[in-house]
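# Results of the structural survey
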Amino acid sequence: MYHLKKTVSIIIVTAATLSCAATTNEYHYTIEPIVRTMQELMTTPPQTSGQKLLTRGLTRRNHHLNARKNMTNTHQEAATTSVASKSKAKAKAPKTRKGTSAQTIGINITAATVGNVQDPLVIPPNLNGWVGPQQYILMTYNIMRSFDKTTGQPDGMLNIDADSFFGVQSNDVRIDYDRFSQRWFFSCEGINPTTGLSSALVLVVSSSAIIDTNTTWTTYVFSNAQMIPQLRPQGSGALDYQQLAIDQNSVYIAVDAFDRNGDFYNTSALVIQKSSINANALVAKVFTGIAPGSNANLVSGFTPPADNFDTNPTFGYLVNATNLQYPSGNTYTQLYLYRINNPGSTNPTVGHMVTIPVPAYTDPANAPYAGNLFGSSAFLQTSFAKLNAPHVRNHQLFVCHNIQVDITGAGNPSGDRVGTRWYQFDLTGDSTGQGGGTETTTTLPALVQWGTLHDSASTSNPLFYFNPSIMTNKNGDMVIGCTISGATASPNAAYAGRAAADPLGTLRTPVLVTSSSFSYNYGPFVNSSDGNIGQRWGDLSSMSPDPVDDLDIWSTQEFAAVQNGWGVQVTQLIPAV
């Protein structure tokens, strides 16, 4: 059924430390890429069941969910039903008419719905979707579906579970369309169905920009032993939170490594020379020791790579919101940047870690939700203050995360709400954001602007803004998408935009893109240290720019689509005029 290509040699190199660019310990492996046609792909029988999805979903998160110091929900008051304001302006009621936002709504569809009646064991998704020249493709834990982007209707090309697509029991699926090579890239962690832990990292690449009956798919599999070779004496370890990004020359996959005891070990970064894909010699390196853990009870990884839409990039990028030492009181005042030197070459290296000062932030509390059946201790899990959706345009790095804030939007561990903090850094060190500086391996990025999307109107019962993603277009217009929830507000999807010419640090009025009144009470549950009951709400959402005009931005967000079930809302956001 599968066509095996010629054996491909791969060299994987581990970095001893990040204090220098030198590398040691070469590991030589052999990978046999698997090539499948579209017909073979769509006739592959499903690989998973709802029970498998539940098992892997619970197993993979326990090692760090149970370790979080700030898991508790700090308040359980009733929330208003209004949408929160931008961080530096008075709140206004959400409106959708043209001109009230930096973007207006085009296609707006519920691309997937899973309720407890249909399948009570499917956990909420880690949302991931991307738009291409003609199609939008959605990927969650168990759903892969393609849509015609002009109509919003399924186009019949892809309608398959993710496990069948990858050929393994999959976890943390990721998707990215590469405008440079005009191909689709998909990645996941392959799960051992016996242990419920990861056993490999899988990359699948399409042969074309348009997915049709002539498309072929090439699969590369990297074993755990290749990704975390230092753990081989202890066993293979486990991988989690893998993140995918692309620039003109390279493919980047960052993944957290855990030892056989489930303790965080470090982050590994896989750097693939893009021009070698489908060639006779795949050129790739693995760098380990990024964001190493200093305490098994602390979370220190989660270092996503950045998509880069600039041509001829000098560096690749990894970003991180934690380090070896936490500031006292769990209040943080820095982010961290790792530059990958010589991307696209046969010998990329990882440079020094750069510490970037930022306004104070702290891990978020978990979010209340309307209609919970478990009393005042129930919540939706917001995850922690890890960074999401980093990307680069015109030497500007954009990234966001959810944090605990007070009514002013300031990061505050005693705050009574959760907001979305976003940043723009000039990687050349130019504080004007024009990219006029000179970027080197040690250049300190300049913080050009930042803001916090939060509820600045409610003195009590605030709304929570969490699981955010961020994207910009070629004009510098920006969108943030997220979930909004409150004690009397059902979980819904929303966005807030800004135009490039808007005052620095501001967002326009947030807009709801769904209007659900359903509740969410079906688990699986996460118990925090104080005995509160947590509903899993995934860990991520996603945004992608249209590769044709580079103006429209497509948002992929989660909401309560049915009673006790989740849905994925896909929204085309068109720049306002």
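Here the structure is a predicted model, which is why all the values come from computation and not from measurement.

### So, unusual backbone geometry
- Backbone geometry at N342 places phi at a positive 55 degrees, although glycine is not the residue there.
- With respect to the helices and strands, N342 occurs in the loop between β20 (331-341) and β21 (349-362).
- A relative accessible area of 45% means that N342 is categorised as partly exposed.

### Observations concerning the packing of aromatic side chains
- Per the counting criterion, the structure on display carries 14 aromatic pairs.
- Aromatic side chains Y136 and W554 sit 5.9 Å apart centroid to centroid with 20 degrees between the ring planes, which places their arrangement in the stacked category. You can see Y136 sitting in strand β7 (residues 135-139) and its partner W554 sitting in strand β34 (residues 553-562), a full 418 residues away along the chain.
- For Y136, a relative accessible area of 1% corresponds to the buried category.
- For W554, a relative accessible area of 2% puts it in the buried group.
- A connected cluster of aromatic rings, assembled from ring pairs, spans F165, F166, Y177, W184, F186 and W217.

### A few points about the sheet that holds strand β29 (residues 489-498)
- Spatial ordering of the open sheet is given by β27-β28-β29-β30, a layout of 4 strands whose pairing is antiparallel. In this open sheet, the two strands that pair with only one neighbour each are β27 (464-472) and β30 (511-512).
- Pairing analysis gives 8 bridges linking strand β28 (residues 478-486) to β29, with the strands arranged antiparallel. Bridge pairing in β29 places T483 opposite A493.

### A word on the sheet that holds strand β6 (residues 128-131)
- Ordered by their spatial adjacency, 4 strands build an open sheet running β6-β7-β8-β9, and the pairing between neighbours is antiparallel. Each edge of the sheet is formed by a strand with only one pairing partner; in this case those strands are β6 and β9 (154-160). Averaged over all pairs of adjacent strands, the angle between their axes in this sheet comes to 15 degrees, without regard to strand direction.

Rules of the game
- Residues numbered from 1 in each chain as written.
- Predicted model: local features only at pLDDT ≥ 70, side-chain atom pairs only at ≥ 80, totals over all residues.
- Heavy atoms only, no water.
- Helix = DSSP H or I, 4+ residues; strand = E, 2+ residues; numbered from the N terminus.
- Buried < 20%, exposed > 50% of the residue type's maximum accessible area, 1.4 Å probe, protein only.
- Phe/Tyr/Trp six-rings, centres within 6.5 Å; stacked < 30°, edge-to-face > 60°.
- Pairing = 2+ DSSP bridges.
- Axes fitted to C-alpha atoms, helices over the stretch in contact; angles between N-to-C directions.

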